Amino acid sequence: MVGNLERLDSSTLTSTSLESSTSQDDTMPALNEEDLKTSSDENDKYIIPDWSLVDPSLEDSKRIIVDFDINLHTDMYGLSDSNFSIAETLHGFQQIANIWAKANIWTRFKIAQLNNPVRIPDNKADAYLWWLLAAKPNQGQHTAASKRDYDKYLVNGPGGLGTEGAEMVLSKYYAHKSHDLFNWIIGAGGDRMGSLGPPIRLYFMYYFRWYNGMGNDKRIYVRIGSCNGPPKYYKGQPVTCKSWGARPWEVTTMAMSEFVRILAHEIGHAFGLHHPNSKCTSYSNKDSMQLMHQQVAVTYRNTPCGPRNPNARFATFLPNSHLIKAREKALVIMNAQNSYG
């Protein structure tokens, strides 16, 4: 959800801007067996929500199950790797499942997918490196710097793209403001949109170029790193925020609580929920801060709203009207997933 950044397709896409904390990076509590609930199915173990959190008004309602396909990544440069440990990631997804348990919705995440990042092929890793670091041609016209980097990272990169592959990467870079290129790199297909069907696909990269989260009813993208996290290196040189062209709120450390809030919020959009408004809304306490506010537009105790407000991460409350509406769309998704196979 970005207040004044350009939207890619306002009729179909939603976006989330990160309100990073400048100093209050919360500590994740220790993970133990009681914290992490899993199903007992021997083939597919899922994180199970704490069902005691179901809203009393929905305790007798049908439990809705929506499956998610998790795509964490790694690559030969280490540029796409998560900022979080496996234990932190598992605990974070447990928290997300608990947020949606209130609506008696099981957002079903496979633990095996959280433990096994997908390796990006080396030719695509070259494209990701070029996309992050290289000087780019302007409106199809190469500068000396962009031609040098084009040859260095793409044509002659270790991934073996060659001239033909480099030209393909450049064409995808120009399509849909680089979304075709990004989707190709992460294996999400060439288009930006998708229809309802199984499952909703989640894509996580250390650095996501546009917003910190964005989604529709088929795909959700969330950044899972920050410029201030563990350093990334290319040939012994650190990949800096300056080389990424990062915006100010992307420079600070990304806390797990921020990731939880961003992904839970984007799932809310997939379930048909929208931002209540775009104005700064201040609550009297953290527990009443609504999940579906833009993070730049929610706070409490009169702390100013803004992209660096550390309190926005605590906005996870779902009012009853949101629970009902989310269940309506989630039921449609579940039925579509079930009918598919």
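Remember, it's a predicted structure, so these values are computed and weren't measured experimentally.

A.B. asks: Report on the overall build of the protein chain, specifying residues and quantitative values.
C.D. replies: For the protein chain, the helix and strand inventory stands at nine helices and twelve strands. Relative to its full complement of 341 residues, the protein chain shows a buried share of 54%. If you take every contact in the protein chain between residues at least 6 apart in sequence, the share linking residues at least 24 apart comes to 72%. On the protein chain, roughly 14800 Å² of surface is accessible, and the fraction owed to carbon and sulfur atoms is 49%.

A.B. asks: Tell me what's going on with the environment of Leu-129, and back it up with residues and numbers.
C.D. replies: Tracing the backbone shows Leu-129 in helix H3 (residues 122-133). For Leu-129, a relative accessible area of 0% gives the class buried. Distance from Leu-129 to Tyr-153, taken between C-alpha atoms, is 7.2 Å for residues 24 residues apart in sequence.

A.B. asks: Break down the packing of aromatic side chains for me, with residues and values.
C.D. replies: The full count for this structure, using the stated rule, is 15 aromatic pairs. Both rings, one in Trp-130 and one in Tyr-173, keep their centres 5.2 Å apart while their planes meet at 75 degrees; by these two values the pair is edge-to-face. Taken together, the residues span a long stretch of sequence, with Trp-130 in helix H3 and Tyr-173 in helix H5 (residues 162-174) at a distance of 43 residues. Since its relative accessible area comes to 18%, Tyr-173 is described here as buried. An aromatic cluster of at least three residues, connected via ring pairs, comprises Phe-68, Phe-84, Phe-93, Phe-109, Phe-204 and Phe-259. Lying over the aromatic face of Trp-106, Arg-108 brings its terminal NZ or CZ to 5.2 Å of the ring centre. Here the guanidinium or amino end of Lys-136 rests over the ring plane of Trp-130, the centre of that ring lying 5.1 Å away.

A.B. asks: Account for the nonpolar core, with residues named and values stated.
C.D. replies: If you look at the biggest cluster of nonpolar residues, it comprises 45 residues, and the most contacted ones within it are Phe-93, Trp-100 and Phe-259. Looking at this core, the element that brings in the most residues is helix H8 (residues 256-270), giving eight residues. Setting aside chain neighbours within four positions, we find Phe-93 in contact with Ile-47, Ile-70, Phe-109, Leu-114, Leu-202, Phe-204, Phe-259 and Leu-263. In this structure, Leu-133, Ala-134, Val-169 and Tyr-211 belong to the second largest nonpolar core, which totals 35 residues.

A.B. asks: Explain the pairing of strand S2 (residues 64-71) to me, and be specific about the residues and the numbers.
C.D. replies: Extensive coverage of S2 is indicated by the burial of six of its eight residues. In the sheet, S2 pairs with strand S4 (residues 105-108) via four bridges, with the strands oriented parallel. Paired with Asp-67 across the two strands is Arg-108, which belongs to S4. Alignment of S2 against strand S6 (residues 200-205), held across four bridges, turns out to be parallel. Bridging from a neighbouring strand, Phe-68 pairs with Ile-200 of S6.

A.B. asks: Help me get a handle on the packing of H3 against helix H4 (residues 144-155), residues and values and all.
C.D. replies: In contact at an axis separation of 8 Å, H3 and H4 are set at 155 degrees when each is read in the N-to-C sense. Accordingly, the angle class assigned to the pair H3 and H4 is roughly antiparallel. Contacts from Asp-126, Ala-127, Leu-129, Trp-130 and Leu-133 of H3 reach H4 at Asp-149, Tyr-150, Tyr-153 and Leu-154. Of the residues contributing to the contact of H3 with H4, the split by class is seven nonpolar, no polar and two charged.

A.B. asks: I'd love a proper account of the state of the cysteines, names of residues and values included.
C.D. replies: Taken as a whole, this structure holds one disulfide when the rule is applied. The disulfide bridge from Cys-280 ends at Cys-305, spanning 2.0 Å between sulfur atoms. In this structure the cystine formed by Cys-280 and Cys-305 twists about its S-S bond by roughly 75 degrees; its chirality is therefore right-handed. In this pair, Cys-280 is assigned in the loop between H8 and strand S11 (281-283) and Cys-305 in the loop between strand S12 (298-300) and helix H9 (320-340), connecting sequence segments 25 residues apart.

A.B. asks: Could you give me a rundown of H9, with the residues and numbers involved?
C.D. replies: Helix length check: H9 (21 residues) gives 30 Å between terminal C-alpha atoms against 30 Å at 1.5 Å per residue, within 8%. Listing the buried residues of H9 in full gives His-322, Leu-323, Ala-326, Arg-327, Ala-330, Ile-333, Met-334 and Gln-337. Viewed along the axis of H9, the buried residues span an arc of 140 degrees, placing them on a single side of the element. Exposed residues pointing more than 90 degrees away from the buried face of H9 are listed as Glu-328 and Ser-339. On the buried face of H9, the contacting elements are S2, helix H1 (86-101), S4, S6 and H8.

A.B. asks: So what's going on with the pairing of S6? Which residues, and what values?
C.D. replies: Burial analysis of S6 places five of its six residues in the buried class, which makes it a mostly covered element. Across five bridges, the pairing between S6 and strand S8 (residues 219-223) is parallel. Bridged to Leu-202 within S8 is Ile-220.

A.B. asks: For the environment of Ile-185, give the residues involved together with the corresponding values.
C.D. replies: With respect to the helices and strands, the residue Ile-185 is situated in helix H6 (residues 179-186). Classification of Ile-185 by relative accessible area gives buried; the value is 2%. In the structure, Ile-185 is positioned 64 residues away from Pro-121 in sequence and 8.3 Å away in space, judged by C-alpha atoms. Not counting residues within four places of it along the chain, the set of residues in contact with Ile-185 comprises Ile-120, Lys-124, Ala-127, Tyr-128 and Met-205.

A.B. asks: Explain the confidence of the model for the protein chain to me, using residue names and the numbers behind them.
C.D. replies: Residue-level pLDDT values for the protein chain average 80, and 74% of them are 70 or greater. The secondary structure element of the protein chain with the lowest average pLDDT is strand S1 (residues 14-16), at 39, and the one with the highest is S4, at 97. Every residue in residues 1-34 is under pLDDT 50, and counting partners more than four places away or in other chains gives 114 contacts.

The rules behind each value
- Each chain carries its own residue numbering, running from 1 in the direction its sequence is written.
- Only residues with pLDDT of 70 or above have their local features reported here, since the model is predicted, and side-chain atom pairs are shown and tallied only from 80 upward, although totals for entire chains, interfaces and linings are computed over all residues.
- Computation of side-chain values covers all heavy atoms of the structure but excludes hydrogens and water.
- Secondary structure counts use DSSP, requiring at least four H or I residues in a row for a helix and at least two E residues in a row for a strand, with both numbered from the N terminus.
- Exposure categories follow from relative accessible area, calculated using a 1.4 Å probe and restricted to protein chains: below 20% of the type maximum is buried, above 50% is exposed, and the middle band is partly exposed.
- Between two residues, a contact is recorded if the distance between any of their heavy atoms is within 4.5 Å.
- In short, Shrake-Rupley with a 1.4 Å probe defines the accessible areas, and a residue's cover is counted only from the protein chains shown.
- Only rings of Phe, Tyr and Trp enter the pairing, Trp through its six-membered ring, and a pair is recorded when the two centres are within 6.5 Å. The plane angle decides the type: under 30 degrees is stacked, over 60 is edge-to-face, the rest tilted.
- Should the NZ of a Lys or the CZ of an Arg lie within 6 Å of a ring centre and within 35 degrees of the ring normal, that charge is described as sitting over the ring.
- Only buried residues count toward a nonpolar core, which is a set of Ala, Val, Leu, Ile, Met, Phe, Trp, Tyr and Cys residues joined through side-chain atoms within 4.5 Å.
- Any two strands between which DSSP finds at least two bridges are classified as paired.
- Orientation is described by axes fitted as lines to C-alpha atoms, over the contacting stretch for helices, and by angles from 0 to 180 degrees between their N-to-C directions.
- An angle below 35 degrees is treated as roughly parallel, one above 145 as roughly antiparallel, one from 65 to 115 as roughly perpendicular, and anything else as oblique.
- The classification used treats Ala, Val, Leu, Ile, Met, Phe, Trp, Tyr, Cys and Pro as nonpolar, Asp, Glu, Lys and Arg as charged, and all other residues, Gly among them, as polar.
- Whenever a pair of cysteine sulfur atoms sits within 2.5 Å, that pair is classed as a disulfide.
- Helix span, as expected, comes to 1.5 Å for every residue beyond the first.
- What the arc covers is the set of directions going from the helix axis to the C-beta atoms.
- pLDDT is a residue-level measure of predictor confidence that goes from 0 to 100.

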